[in-house]
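Observations on the three-dimensional arrangement
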Amino acid sequence: GRQAITYGEGFVVSKNDDLPMPYFFDGMMARWSWDFMDLDFGGAKMADAGFALGSTDTEVVVYGANFGFKTLPDVLKKFDVFVLDVQGDSGTGAAASATPNLALPGFTGGGAWNILTYGLYGKLDFAMVDLKLNAAFQSGKQKATTAGVTDTTFSGNAFDVELGVNFPEFMKGRFYVGYHMDSGADTTTGGAVSTGTNAGYQPMFYDVNKYSVANIWGMGNLTNISLGLTLNPSEESSFGIDANLASRTTDKSGATLVPAQYGNAYAVGLPTTATDKALATTVGLWANHMYGHGLSSYVGVNYIMLGNYYKAVGASIGSGIAANLKATYSF
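A brief structural summary. Keep in mind it's a predicted model, so treat the numbers as computed, not measured. (Residues numbered from 1 in each chain as written. Predicted model: local features only at pLDDT ≥ 70, side-chain atom pairs only at ≥ 80, totals over all residues. Heavy atoms only, no water.)

1. Considering the environment of glutamate 162
- Note that glutamate 162 resides in strand E9 (residues 157–167).
- Sequence-wise, glutamate 162 and leucine 133 are 29 residues apart; in three dimensions their C-alpha atoms are separated by 6.7 Å.
- Leaving out residues up to four positions away in the same chain, glutamate 162 has contacts with Asp130, Leu131, Lys132, Arg174, Tyr176, Val177, Gly178 and Lys210. (Helix = DSSP H or I, 4+ residues; strand = E, 2+ residues; numbered from the N terminus. Contact = heavy atoms within 4.5 Å.)

2. Quick look at the side chain of threonine 223
- Take threonine 223: it is sitting in strand E12 (residues 223–231).
- Among all residues touching threonine 223, those that are not within four sequence positions of it are Tyr179, His180, Met181, Leu245, Ala246, Ser247, Arg248 and Thr249.

3. What about the nonpolar core?
- Core analysis: the largest hydrophobic core is formed by 28 residues, its most contacted members being Phe11, Val12, Phe25 and Leu84.
- Where this core is concerned, the elements lending two or more residues are strand E3 (37–51), strand E4 (57–69), strand E5 (76–89) and strand E6 (112–126).
- Once residues lying within four places of it in the same chain are set aside, the contact partners of phenylalanine 11 are Asn134, Ala135, Ala136, Ala158, Phe159, Asp160, His180, Tyr206, Tyr211 and Met219.
- With 13 residues, the next largest nonpolar core counts Val213, Ala246, Ala255 and Leu279 among its residues. (Core = buried A, V, L, I, M, F, W, Y, C linked by side-chain atoms within 4.5 Å. Buried < 20%, exposed > 50% of the residue type's maximum accessible area, 1.4 Å probe, protein only.)

4. Concerning the pattern of salt bridges
- Taken as a whole, this structure holds nine salt bridges when the rule is applied.
- In this structure, aspartate 38 and lysine 70 form a salt bridge, with 3.1 Å as the shortest nitrogen-oxygen distance. Separated by 32 residues along the polypeptide, aspartate 38 in strand E3 and lysine 70 in the loop between E4 and E5 bring together distant segments of the chain.
- Judged by relative accessible area, which is 17%, aspartate 38 ranks as buried.
- Here arginine 174 ties to glutamate 162 by a salt bridge, and the two come within 2.8 Å at their closest N and O atoms. One end of the pair, arginine 174, is in strand E10 (residues 173–182); the other, glutamate 162, is in strand E9, with 12 residues separating them in the sequence.
- Residue class for glutamate 162 comes out buried when judged on its relative accessible area of 12%.
- A single network of salt bridges, built from pairs that share partners, joins Arg31, Asp38, Asp40 and Lys70. (Salt bridge = Lys/Arg side-chain N within 4 Å of Asp/Glu carboxyl O.)

5. Observations regarding the side chain of serine 14
- Of note, serine 14 is situated in the loop between strand E1 (2–3) and strand E2 (25–33).
- A distance of 3.2 Å separates a polar atom in the side chain of serine 14 from the backbone nitrogen of asparagine 16.
- Dropping the residues within four chain positions of it, serine 14 is found in contact with Ile5, Thr6, Tyr23, Phe205, Tyr206 and Asp207. (Polar contact = N/O pair within 3.5 Å; in protein donor to acceptor, adjacent residues only side chain to side chain.)

6. A short note on unusual backbone geometry
- Look at methionine 171: it is not a glycine, yet its phi comes out positive at around 50°.
- Position of methionine 171 relative to the elements: it lies in the loop between E9 and E10.
- With a phi close to 55°, alanine 214 is a non-glycine residue in the positive phi region.
- When you line up the elements, alanine 214 lands in the loop between strand E11 (197–198) and E12.

What follows is the structure, encoded as structure tokens:
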């Protein structure tokens with residue numbers, strides 16, 4: 001039936017509970033358990049843009065499996081391996097799409113496509129130190145719908161590593177440093193369609209709040225170095241400070257913005273002639289409090305300094321403050 005799907009920490013697929021429109025899918029999931037492993041497998045419809053006269057039923061479906069290993073060394077707290085086969089049809093466009101957007105039903109271009117995404121999630125915990133690793137690799141193809149137009153071959157990848165040091169005696173404090181990278185396409189010679197290859201990572205329903213920068217720049221040609229400190233003065237309250245240095249992985253294609261309908265209210269322009277990779281430096285403060293009986297509140301403030309990538313759209317580099325206030329009641 002209709003359900004949320006989250007594995008690992010939402011690097012590839014997440015419920016995205018903090019978004020205005022959390023992700024739910026119509027599908028079937030099953031679990032087969034052994035002493036050493038849980039195997040989750042099934043399929044779901046991830047998006048459906050409907051049927052148009054003279055076109056195909058524009059939709060995205062996924063079939064996959066997640067292997068969660070349980071017989072592990074004490075230091076290794078979590079180790080999952082997953083494989084997802086995502087299949088879509090963008091209707092009858094004039095050319096194969098350079099970027100079949102897996103997270104939205106409004107695809108561009110046309111032609112049926114499939115992208116195989118596979119990878120792993122691991123979590124290590126030793127004394128004061130913890131380490132988290134996410135990795136995803138993609139391969140696939142989109143068939144052109146017009147004679148003489150080159151099919152598109154996909155080959156993207158993404159990594160996210162976070163190292164933390166814990167201070168349990170000091171308000172359960174944790175200091176962390178992280179590195180995120182996902183590949184970008186080469187669009188300098190007419191775009192990925194005309195060249196027939198697209199090395200850009202195609203993001204799916206990932207956790208936008210965790211794997212984007214200030215909820216503005218998202219996966220797809222994104223490199224980000226982060227560091228931060230979180231404190232828990234009580235069981236009900238937590239707060240922290242973080243900093244991010246975001247840039248494009250390659251200067252051969254533009255940056256990817258988190259869509260407005262998924263929480264991005266800041267329409268930062270995308271230059272077409274920029275050569276600098278630097279997107280922005282952000283410094284943020286946040287606090288969260290649980291009142292009990294399902295009621296919680298969150299406040300976050302980010303100071304954003306745009307990078308030299310945006311010189312192409314203005315004479316000066318801008319900066320500003322973004323605030324996020326939220327109250328949640330669950331029942």
